[in-house]
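# Chain and residue survey
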Amino acid sequence: MFPEVAAESPLLQSLNPEQRAAVTLPNEHALILAGAGSGKTRVLTTRIAWLLATGQIGPGNVMAVTFTNKAAKEMMTRLAAMLPVNVRGMWIGTFHGLCNRFLRAHYKLANLPQSFQILDTQDQLSAIKRLMKQNNVDEERFPAKETQWYIAGLKEEGLRPNAVDVRTEEDRRKVEIYQLYEEQCQREGVVDFAELMLRSYEVLRDNDPIREHYQRRFHHILIDEFQDTNKLQYAWIKMFAGAQNSVLAVGDDDQSIYAFRGARVGNMSDFVSEFSVRHQIKLEQNYRSYSNILDSANELIAHNKTRLGKNLRTDQGAGEPVRIYEAPTDMAEAQWMVEEVRNLVRDDNRRNEIAILYRSNAQSRVVETALFNAAVPYRVYGGLRFFERAEIKHALAYLRLLENPSDDTSFLRVVNFPARGIGARSIEQLQDAARTAGSSLHDAVAQTTGKAGANLAAFVAKVEAMRKETEGLTLREIIEVMLQQSGLIDHYRAERDGADRIENLEELVNAAESFVTQEGFGRDAVALPVDELGKTVLRQSPASQGLDPSLPEVNEPAPDYVPPDAETGETLSPLAAFLTHAALESGDNQAQAGQDAVQLMTVHAAKGLEFDCVFVSGLEEGLFPSERSLADYGGLEEERRLMYVAITRARKRLYLSHSQTRLLHGQTRYNVRSRFFDELPEHALKWLTPKNQSFGGSAFGFGMGYPTSRSGNSSATGYGRGSSETFASPPVPPQKSEPAHGLKAGMKVFHTKFGEGTVLTLEGSGQDARAHINFPRHGAKWLALSVAKLTPVT
DNA sequence: ACTATGCCGAGAATA
DNA sequence: TCGGCATAGT
């Protein structure tokens, strides 16, 4: 519309040529390969801003999809900073958030109640357990967790029970459970996360006018983290792609680390072929890390065979070398990290800017202990989130019952909490009654008799009284009344450690309050978008765009806003909207946010984050890469990508460490240094402990003893003032001068008495070293290596 | 209704 | 080895 303006738009300033090309792409399908730290979010938001500012589209013509609420929020914040536009009214959100919005708008077509509630993972599991009990499914043969995984997996493949390929009797039974589960959810008016996606996909697929409406409406569809999309999400995106609009997929195949939960990197290449993508742009300029770090990342990931191909570069200098440390034990490794952290903090690094990463959550323990003992503040990511806490779930269950009495999951959660004399027996009877009547538990209460029936009736009466009492109240007041009437507050007040829980319940009131005000729920004012030239971008009427006026309007207020039913004018209550919000945004999962603390998290959790200093610990064969990954196809490459993600989190300093021994499942495990060390460029590395050649693959020596020559600590470029790099004491405690026995798991050995056998495992060190060896004629035996006379068999 | 005990499992996790 | 969960026992 204003090409001259577009070309010199201030929005485009300070973008590099690739970024600029991406931002100003024509309205055609395109794939952006965005390397780590290449300004991906910036490109996405600037693209939207540019489209708006140049008048090519209005705010209603964009749909931008992310995976996490955090990413969606960041996009909205940045966009709002660039343009005075009402970002809340735009279709920017997570896949599930947008599906929710879509389903509320088309609830009739979706065959759902307008105020359907959303089951989170916990709710879903308990719903499945309940269903399996009622249908006498053997939980030994069909564990509830597995069934849950199975159902979610099928839904993410887009498969309904009738479409599942049944081959075995077991399949048949599992599909039967799936079918029953679906019926139960439908009856109770609830949907799980996968259902949000699948149901909206089906509505789009089966209703041509609806699909075409959205295709006309969204001129531009932008997808973030495209490499993480699963089959269903990809199919869902396809529904929105029409003749006139375009899909901009942004992703990084090298950062695809979620195959285990259904992500298909292959969607990227499928997208290119199926959408006949003509524009592919690589963002390879990295603005985050020094080149030693980037070189390491590049060289490592080059070992992967299946990749689209990309190489990060930076204008920054080499920076610090990547430091590598080998510890004798996991405790020593943790101790070393604590020391380094202290040095870093002393040298004016903020603790917030230091991250300790590990492959599996179990590894956090030993690190936490070390930090705790050293009184270094730290913060662990990935605990329970706010809306997942038990007391909050209880409160939400009461609220859900107010909204929907036939929500059996919620009913069961609180029918006897706080305890009111309704035991397992009464509940069983009630469930039987409900089943024969084909009704909800709530409705079945009327049919129960005796003292159990009286208690149940009292509960139902209580909830109904609450519903009456809260009628017409504000959300805040509703919650306050509920907290009192339900007895939750009293219950926790009486409990020893109930103070925290009460505090959380009070926080729930605050959360509701800020939901009402911040989200603007219930308000209808929509700020008119203004472009950067100061002209008002007129609100486009649906009719003028060839849109169906009866369908949702182009500009809508809050993200949780639900358009009223076209016929009845019915819309969601603030309470129902808040419950949806609670399910879709489970809140912060970081303890003590805001404090200046060292950040502890898994590598997965670190994706998308960056820190000045990063420690990647436990780099050992079997751990990272994990043992289990080696079994499945492409597993090692995904581990390598995970390592790539870990490395690219660091801006200035990167530390990689591993330990010879590690306490795992109560056993000391001997671990060999991760193969990933051998895939890094030597010039970028600095071995703080000697690089023991025997580690990466040679047959003998699995970690006992060291070569006599020490190297690697000559050029102390570090951070002066007696840092740990001046080895006052050797970081590795001297091992017993025990000759390395040279055994490895899997090796064949000969014993004078037992004959030939195979080494199964090795344990202990020095004098205590033992081996579990399987002798075909005598069975498996534990042998003390200092005593047993073993000779390797070649 | 609450506590004690035994068993199992143990990878990463968004919405 | 540890911890979460389900069941048994008082």
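All values derive from a computational prediction rather than experimental measurement.

Before going further, it helps to spend a moment on the state of the cysteines. For the structure on display, the rule yields zero disulfides. No disulfide involves Cys99; its sulfur sits 16 Å from that of Cys185, the nearest cysteine. Judged by its relative accessible area of 0%, Cys99 is buried.

Among the surface-exposed residues, Asp500, Glu503, Glu506 and Glu507 lie close enough to one another that they form a single negatively charged patch. As for its placement among the helices and strands, Glu506 is situated in helix α23 (residues 499-518). Since its relative accessible area comes to 46%, Glu506 is described here as partly exposed.

So, on to the domain arrangement of chain A. By a widespread convention, an interface's size corresponds to the accessible area lost as its parts come together. For chain A, the assigned domains are domain 1 (17-109 + 196-285), domain 2 (119-188), domain 3 (322-383 + 591-687), domain 4 (387-528) and domain 5 (747-792). Using only C-alpha atoms to locate each centre, domain 2 and domain 4 end up separated by 26 Å. Taken together, the contacts link 11 residues of domain 2 with 13 residues of domain 4. Taken together, domain 2 and domain 4 are joined by three salt bridges. Put simply, Asp123 and Lys393 hold a salt bridge, and the shortest N to O gap is 2.9 Å. The interface formed by domain 2 and domain 4 holds five residue pairs in polar contact (both at pLDDT 80 or more) in total. Listed by contribution, the elements that provide at least two residues to the side of domain 2 that touches domain 4 are α6 (121-134) and α8 (169-188). Per element, the largest residue contribution to the side of domain 2 that touches domain 4 is six residues, and it comes from α6. Residue classes in the side of domain 2 that touches domain 4 are distributed as two nonpolar, four polar and five charged.

Where helix α3 (residues 40-53) contacts helix α4 (residues 69-82), the two axes come as close as 9 Å, and the packing angle between them is 50°. The orientation of α3 relative to α4 falls into the category oblique. For the crossing formed where α3 meets α4, the hand is right-handed. Residue-level contacts link Thr41, Arg42, Leu44, Thr45, Thr46, Ile48 and Ala49 of α3 to Glu74, Met75, Arg78, Leu79 and Met82 of α4. When the residues that make up the contact of α3 with α4 are grouped by side-chain class, the tally is six nonpolar, three polar and three charged.

Next up on the list: the nonpolar core. Membership of the largest hydrophobic core comes to 47 residues, with the highest contact counts inside it found for Phe459 and Ile479. Counting residues per element, this core draws most heavily on helix α16 (residues 390-403), which supplies eight residues. Not counting the four nearest positions on each side in its chain, Ile479 is found in contact with Leu399, Leu508, Val509, Ala512 and Phe578. One finds Met63, Leu112, Leu204 and Met268 within the second-largest nonpolar core, a separate group that totals 43 residues.

Going through the model one piece at a time under the given rule, you end up with 56 salt bridges. Between Asp596 and Arg350 there is a salt bridge, with its nearest N and O atoms 3.8 Å apart. With Asp596 in the loop between α24 (574-584) and β12 (598-602) and Arg350 in the loop between α14 (330-346) and β10 (354-358), this residue pair connects regions lying 246 residues apart in the sequence. Via salt bridges that share partners, Lys155, Arg160, Glu182, Asp192, Glu195, Arg199 and Glu202 belong to a single interconnected network.

Each value, and the rule that gives it
Residues numbered from 1 in each chain as written. Chains lettered and ligands numbered in written order. Predicted model: local features only at pLDDT ≥ 70, side-chain atom pairs only at ≥ 80, totals over all residues. Heavy atoms only, no water. Disulfide = S-S within 2.5 Å. Buried < 20%, exposed > 50% of the residue type's maximum accessible area, 1.4 Å probe, protein only. Patch = residues over 30% accessible without salt bridge, like charges linked within 9 Å, V, L, I, M, F, W, Y side chains within 5 Å. Areas by Shrake-Rupley, 256 points an atom, 1.4 Å probe, with all protein chains shown as cover. Salt bridge = Lys/Arg side-chain N within 4 Å of Asp/Glu carboxyl O. Lys, Arg positive; Asp, Glu negative; His and termini not counted. Charge placed at Lys NZ, Arg CZ, Asp CG, Glu CD. Helix = DSSP H or I, 4+ residues; strand = E, 2+ residues; numbered from the N terminus. Domains from an automatic or database assignment. Contact = heavy atoms within 4.5 Å. Polar contact = N/O pair within 3.5 Å; in protein donor to acceptor, adjacent residues only side chain to side chain. Nonpolar A, V, L, I, M, F, W, Y, C, P; charged D, E, K, R; others polar. Axes fitted to C-alpha atoms, helices over the stretch in contact; angles between N-to-C directions. Parallel < 35°, antiparallel > 145°, perpendicular 65-115°, else oblique. Left-handed = near helix turned anticlockwise from the far one by under 90°. Core = buried A, V, L, I, M, F, W, Y, C linked by side-chain atoms within 4.5 Å.

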